[in-house]
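# Architecture and fold: a report
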Amino acid sequence: MPACIFLFPNALLSPKESEILGDLAYPKSLQEMLLPCGVQTSSELFNNKALYGSAWQQWLWMLLTERSDLLPTAPYLWKGLGGEKIGAQLWLLSPYITQEGKLQSCSISEDIEEICLVQDLLNPILRRYGFKLQALNNLIFISRSDPWEVLIPIWEAQEGKEPALPAGKNAFDWKKLSTELQSALRTSELNGYRNKLGRPSIEGFWINGGGDDGQLPFTKIRSVQTQSPLIRGLACSCGIPASRVTTERSFWRDVPDGDRIAMFSEFLDPSIKLDATKWQSAWDKAKVRVDALIESASRSEKYHPVFVATNESTVSTAMPKTTKSILPLKVKSNRNCVSWLTANN
């Protein structure tokens, strides 16, 4: 029996978050949603804490591609945003500031003047390292025909932490370029312009997500609902037609029978887990959407639900004991909620 896979990124609760939410940590709508589920499993995706923070992206990469290497985010984010095929290795330059030794996000505005100043500053430096600058919207990508071999956390894993150390054949080149970019930014016209407009100075660019934009093997997944341009680009690169990579407000119509994925991006907002009213409302809305999606998928064939929740490093899954039916099992639903949403921590 094919599956409707429902992904709730960042929904796993820590003991402290469970305590904050109190009696509403496991609302009635969530208990009802998990009634069919009698099997709960959890697993750690990363042994290296430097990679914590990117579990849901990595899990989708592993599911869609059936690969266990690290997700190269840059080429699929580029594709998901509508970038044309480059035919070279792509990296993302994520601007940052430093607070108490930890890197924090510092975005570039969509102001044309600022983007031009970024290009004027970076182009001469990047050329010396064999890179071409590829700006898309207000994001800065760089491409290189001779690929770098560098292992470095993607920005989603790096943000809020002290800088990780690169590894690999070109780790020294990565550090050298990063240092040169930091030095150029200190007295740059770009930061002078930003400061006049009340924007903080950019202190550096985190070079991350490197990979090529080649076609991946076709996935067995039939459809993906997501708000993430990264996952949209990844899904299309795995052979899912663009018409079946839709927003999270759509239904599964005209999708061939087979497994399909729906994301619930509202759970990426960390404030939801700190406000019992928001938390309960999010699950109430999620159940309505889950029920509607299962109904729309089951018009031609029966489907069973698979619920997946993550935190920064762990993936927790709940599913029926048998795939022959999605009828409620005789289990204590609140116990399912606790084990699934805490990953037994």
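Calculation notes
Residues numbered from 1 in each chain as written. Predicted model: local features only at pLDDT ≥ 70, side-chain atom pairs only at ≥ 80, totals over all residues. Heavy atoms only, no water. Helix = DSSP H or I, 4+ residues; strand = E, 2+ residues; numbered from the N terminus. Rg over C-alpha atoms; globule rule 2.2 N^0.38 Å. Buried < 20%, exposed > 50% of the residue type's maximum accessible area, 1.4 Å probe, protein only. Contact = heavy atoms within 4.5 Å. Areas by Shrake-Rupley, 256 points an atom, 1.4 Å probe, with all protein chains shown as cover. Lys, Arg positive; Asp, Glu negative; His and termini not counted. Charge placed at Lys NZ, Arg CZ, Asp CG, Glu CD. Expected span 1.5 Å × (residues − 1). Polar contact = N/O pair within 3.5 Å; in protein donor to acceptor, adjacent residues only side chain to side chain. pLDDT = per-residue confidence, 0-100. Phe/Tyr/Trp six-rings, centres within 6.5 Å; stacked < 30°, edge-to-face > 60°. Lys NZ or Arg CZ within 6 Å of the ring centre and 35° of its normal. Pairing = 2+ DSSP bridges. Axes fitted to C-alpha atoms, helices over the stretch in contact; angles between N-to-C directions. Parallel < 35°, antiparallel > 145°, perpendicular 65-115°, else oblique. Nonpolar A, V, L, I, M, F, W, Y, C, P; charged D, E, K, R; others polar. 1 Å grid on protein atoms, 1.4 Å probe; cavity = no way out; pocket = protein on both sides within 12 Å on 5 of 7 lines; lining within 4 Å. Points joined across faces, edges and corners; volume = space filled by probe spheres on them. Core = buried A, V, L, I, M, F, W, Y, C linked by side-chain atoms within 4.5 Å.

Attention shifts here to the overall build of the protein chain. Along the backbone of the protein chain there are 11 helices and 12 strands. Since a compact globule built from 345 residues should have a radius of gyration of about 20 Å, the 22 Å found for the protein chain is in line with a globular shape. Principal-axis analysis of the C-alpha atoms places the extent of the protein chain at approximately 65 × 40 × 35 Å. A buried classification covers 50% of the 345 residues belonging to the protein chain. Long-range contacts, defined here as pairs at least 24 residues apart, represent 72% of the contacts in the protein chain between residues at least 6 apart. On the protein chain, roughly 16,500 Å² of surface is accessible, and the fraction owed to carbon and sulfur atoms is 50%. Distance between charge centroids for the protein chain: 5 Å, based on 38 positive and 37 negative side chains.

Before going further, it helps to spend a moment on helix H10 (residues 276-297). Given a rise of 1.5 Å per residue, 22 residues ought to cover 32 Å, and the 31 Å separating the end C-alpha atoms of H10 matches this to within 8%. Buried within H10 are the following residues: Trp279, Ala282, Trp283, Ala286, Lys287, Arg289, Val290, Leu293, Ile294, Ser296 and Ala297. You can read the cap of H10 off the contacts: a side-chain oxygen lies 2.9 Å from the backbone nitrogen of Thr277, and it is on Asp275.

On to the confidence of the model for the protein chain. Across the protein chain, the average pLDDT comes to 91, with 95% of residues at or above 70. Confidence scores differ between elements of the protein chain, with helix H11 (residues 333-342) showing the lowest mean pLDDT of 71 and helix H7 (residues 171-186) the highest of 98.

Right, let's talk about the packing of aromatic side chains for a bit. Going through the model one piece at a time under the given rule, you end up with 18 aromatic pairs. Ring geometry for Phe307 against Trp340: centres 6.2 Å apart, planes inclined by 65 degrees, an arrangement best described as edge-to-face. On the criterion of sequence distance, the pair formed by Phe307 in strand S11 (residues 304-310) and Trp340 in helix H11 is long-range, its members being 33 residues apart. Three or more aromatic residues joined by ring pairs form one cluster here, namely Phe6, Phe8, Trp252, Phe264, Phe267, Trp279, Trp283, Phe307 and Trp340. In this structure, Arg144 is placed above the aromatic ring of Phe131, and the distance from its NZ or CZ to the ring centre is 5.4 Å.

Quick look at the sheet that holds strand S12 (residues 314-319) now. The pairing of strands in a sheet comes from backbone hydrogen bonds and takes either a parallel or an antiparallel form. As summarised here, the arrangement of the seven strands in space is S2-S12-S11-S1-S10-S8-S9, forming an open sheet in which the pairing is mixed. If you trace the sheet from one side to the other, it starts and ends with strand S2 (39-44) and strand S9 (245-246), each paired once.

For the pair helix H3 (residues 55-65) and helix H9 (residues 229-237), the least separation of the axes is 11 Å and the interaxial angle reads 10 degrees. If you check the angle between H3 and H9, you find them roughly parallel. Facing Trp56, Gln57, Leu60, Trp61, Leu64 and Thr65 of H3, the residues of H9 in contact are Leu230, Ile231, Leu234 and Ala235. A breakdown of the residues in the contact of H3 with H9 according to their chemical character gives eight nonpolar, two polar and no charged.

Moving on: the layout of surface pockets. Roughly 900 Å³ of volume is contained in the largest pocket. Lining the largest pocket we find 41 residues, and of these Trp56, Gln57, Trp155, Glu156 and Glu159 sit closest to its centre. By volume, the second largest pocket amounts to about 440 Å³. Mapped onto the lining of the second largest pocket, the elements with two or more residues apiece are H3, strand S3 (89-99) and strand S7 (204-212). The residue inventory of the lining of the second largest pocket, partitioned by class, reads 16 nonpolar, 10 polar and four charged.

Attention shifts here to the pairing of S3. Among the 11 residues in S3, nine count as buried, and that is most of the element. By the bridge criterion, five bridges tie S3 to strand S6 (residues 139-144) in an arrangement that is antiparallel. Following the sheet pairing, Gln89 is matched in S6 by Arg144. Joining the antiparallel neighbours S3 and strand S4 (residues 102-105) is a turn of two residues, in which Glu100 adopts a positive phi near 55 degrees.

Our next topic: the nonpolar core. Counting 35 residues, the largest nonpolar core has Phe6, Phe8, Phe267, Trp283, Phe307, Trp340 and Leu341 as its most contacted members. Looking at this core, the elements that each hand over two or more residues are strand S1 (3-8), helix H2 (28-33), H10, S11 and H11. Looking at this core element by element, the count peaks at eight residues for H10. In contact with Phe267, other than residues within four places in its own chain, are Phe8, Pro9, Asn10, Ala11, Ile272, Trp279, Ala282, Trp283 and Ala286. With 33 residues, the next largest nonpolar core counts Trp91, Leu122, Ile125 and Ala164 among its residues.

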